[in-house]
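# Structure assessment
The lines below spell out each chain.
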Amino acid sequence: MNFTIKNVLISTDDGYTTTDVQVVDGKIAAIAPHLDIVGTAVNGEHKLLLPGFVNAHTHSSEKWQRGIIPPLPLELWLAHLYDFAPLDTEKVYLSALGTAVETLLSGGTSVVDHLVLIPGEELETITAAVRAYREIGIRAFIAPLIQDESLTAGIPSGENERNHEPYFRSTAETLALIEEAVRQFHRPDAGVSILVAPTGIQLCSDALFTGCIELSDRYNLCRHSHLLETKAQEKLAQEKYGCSAVEHLKRLGYLGDRTSLAHCVWLNELDIEILAETQSTVVHNPLSNLRLGSGIAPILKYRQAQVNVTFGCDGASSNDSQDLLEAIKIGSILHNTTERDYQYWITPRQATEMAALGGAKGLNMADKIGSLTIGKQADLVLYDLTSLSLLPRTDPIGLLVLGRPTNAVDSVWVNGKQIVANGQVTTINVDELRQELFQRSQWNTQRQSPTVAEIEAHYRAVMGL
Ligand SMILES: [Zn+2]
């Protein structure tokens, strides 16, 4: 697994330089011009080397429903999603592979999969995803999505008391399940980590959050959750706790420097201070927030308050792709409309740092990945600067972020192991994957969700529509 990339472009503080990069035993061993070739020689000429990005929030199995859910806000969209969610584990395996392929070919070397579990086959679901990620070789952070309240509890009740069906699995059983997943699959050194990941305050009890904190402390696990994605959730937090969701999570002790929080659209000034003070990470999912009409997360405010921010694609049925470069582009320039002072706007270089080092920080991995630093793991992406979408020659990172790069990723290494070469994933057969995805699905335009029909009137009334 030793190799030396010769004559490759890397970024410096104020520009670019051409240099060599030596990788020994999976780690970056040297960065300097004219190095001796150790292991395989890789021609880096006309190519740009960047640290791999982190797809810091997604739900891989949503791939089976991408492009089909009508324009709906999150709460109704979710009902639609779950009405058609029963998958089999083979589909989970295939969609995890597909998510990994798209992430790798858009600059990602790590993925945080907030994995929706098949009821009754929870460990089998996790097994299927682990199998996929191990085979393809992407660095995987599997965050089994758990809750202990039923779907309707996630919608504010408004004036009336509403009773919700109890959730089918107890809190204790759910926690035991996660502990078992940790025992079986949590192997950070081998590239697979398990996270505790209650879906969010909207569907989780305090007992579930507290149990997750306890597991996280005992097994040194990172923590993940959705947070205040929609206006409805902001309302619900007030109903449930009489304070903001962020204040409540702080009181429970869920926030911290290994906690990453997806969305964070509806936070107030005090909430932002709390995220900064607890060193929590915000995962910005701009495309999903636009698609579901959730709102524009105040990312520039977070950055000004020194809150760590990184990017996610979110699941492929609220995006409806897994193109990380697309999420980074939209997630950067979107905010030029929210802040008149252009000095705060996100530059392409800042965007790539947020995507790489920012992602690593949120996973408690900043000392191991996220930058081209000697001693760090070689999670690297080599971009072909002769790709038509990156020509003519201007500022490579500027064009990578602001343009629309296609077929730009030439090579990818994770932990020093090459898993993409000449623009092709080498560890799995992508043609076979395409055939499987084709054969296990069909064109479908007439789907109706029974649950949406059931809850829509209440949702509209509560939300004043
Ligand atoms: Zn999500």
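Keep in mind it's a predicted model, so treat the numbers as computed, not measured. (Residues numbered from 1 in each chain as written. Predicted model: local features only at pLDDT ≥ 70, side-chain atom pairs only at ≥ 80, totals over all residues.)

## Re helix α7 (residues 245-252)
To keep things clear, this is the line we draw: Burial is judged by counting other C-beta atoms within 10 Å of a residue's own C-beta: 20 or more means buried, 12 or fewer means exposed, and anything between counts as partly exposed, with every C-beta placed from the backbone. Strands here mean DSSP runs of E at least two residues long; helices mean DSSP runs of H or I at least four residues long; both are numbered from the N terminus. The directions considered for the arc are those from the helix axis to the C-beta atoms. For every residue pair, C-beta atoms are placed from the backbone, and the pair is scored as a contact if these atoms sit within 7 Å.
Every buried residue belonging to α7 is among Ala245, Val246 and Leu249, and all of these are buried. One side of α7 holds all its buried residues, which, seen down the axis, span an arc of 95°. Where α7 is buried, its residues meet β10 (223-227), α6 (231-241) and α8 (269-278). Looking one or two residues beyond α7, the residue adopting positive phi is glycine 253, at roughly 90°.

## Some details on the packing of helix α3 (residues 122-136) against helix α4 (residues 171-185)
Here is the rule: Every angle, taken between N-to-C directions, lies between 0 and 180 degrees, and every axis is a line fitted to C-alpha atoms, over only the stretch in contact when it is a helix. Two helices cross in a left-handed way if the nearer one is turned anticlockwise from the farther one by less than a right angle. They cross in a right-handed way if the turn is clockwise. Each residue gets one of three labels, nonpolar for Ala, Val, Leu, Ile, Met, Phe, Trp, Tyr, Cys and Pro, charged for Asp, Glu, Lys and Arg, and polar for the others, Gly among them.
Put simply, α3 and α4 touch, their axes get as near as 10 Å, and they point 30° apart. Seen along the crossing, α3 lies across α4 with a hand that is right-handed. Counted together, Glu122, Leu123, Ile126 and Val130 of α3 and Leu177, Glu180, Ala181 and Phe185 of α4 form the full contact between these two elements. Its residues assigned to classes, the contact of α3 with α4 comprises six nonpolar, no polar and two charged.

## Here we look at the domain arrangement of the chain
Definition in use: Reported domain spans reflect what an automatic or database domain assignment gives.
Partitioning the chain into domains gives domain 1 (3-50 + 377-425) and domain 2 (51-362). Taken over C-alpha atoms, the centre of domain 1 sits 30 Å from the centre of domain 2. Between domain 1 and domain 2, the residue contacts involve 19 residues of the former and 22 residues of the latter. The dominant element in the side of domain 1 that touches domain 2, judged by the number of residues it contributes, is helix α13 (residues 396-402), at five residues. Looking at the side of domain 1 that touches domain 2 residue by residue, the class counts come to 14 nonpolar, three polar and two charged.

## Digging into unusual backbone geometry
For the bond running from asparagine 319 to aspartate 320, omega is 0°, close enough to zero to count as cis. Here aspartate 320 lies in the loop between β13 (308-311) and α11 (324-333). In this structure, proline 392 follows leucine 391 across a cis peptide bond, with omega equal to -5°. Within the secondary structure, proline 392 is located in the loop between β14 (380-384) and α13. Even without being glycine, histidine 263 reaches a positive phi, approximately 90°.

## Considerations on the sheet that holds β10
Going by this rule: Any two strands with at least two DSSP-identified bridges between them are counted as paired.
Strand order in the open sheet formed by four strands is β10-β11-β12-β13, with parallel pairing between adjacent strands. Across the chains shown, the open sheet's two edge strands, defined by having one partner strand only, are β10 and β13. Adjacent strand axes in the sheet meet at a mean angle of 30°, parallel and antiparallel pairs treated alike. As paired elements, strand β12 (residues 281-284) and β13 share four bridges and run parallel to each other. Paired with histidine 284 across the two strands is phenylalanine 311, which belongs to β13.

## A closer look at α4
Put simply, the test is: What a helix is expected to span follows from its residue count: subtract one and scale by 1.5 Å.
The terminal C-alpha atoms of α4, which comprises 15 residues, lie 21 Å apart, in line with the 21 Å expected from a rise of 1.5 Å per residue. Listed as buried for α4 are Thr171, Thr174, Leu175, Ile178, Ala181, Val182 and Phe185. Buried residues of α4, seen end-on, are gathered within an arc of 115° and therefore sit on one face of the element. Along α4, exposed side chains directed more than 90 degrees from the buried face belong to Ala172, Glu173 and Arg183. Looking at the buried residues of α4, the elements they touch are α3, β8 (139-142), β9 (192-194) and α5 (206-219).

## Here we look at the sheet that holds strand β6 (residues 53-58)
The four strands are arranged β6-β7-β8-β9 in an open sheet whose pairing can be described as parallel. Because the sheet does not close on itself, it has two edges, and the strands there are β6 and β9. Sheet twist, expressed as the mean angle between neighbouring strand axes with direction ignored, is 15°. One ladder, built from four bridges, connects strand β7 (residues 108-113) with β8; its direction is parallel.

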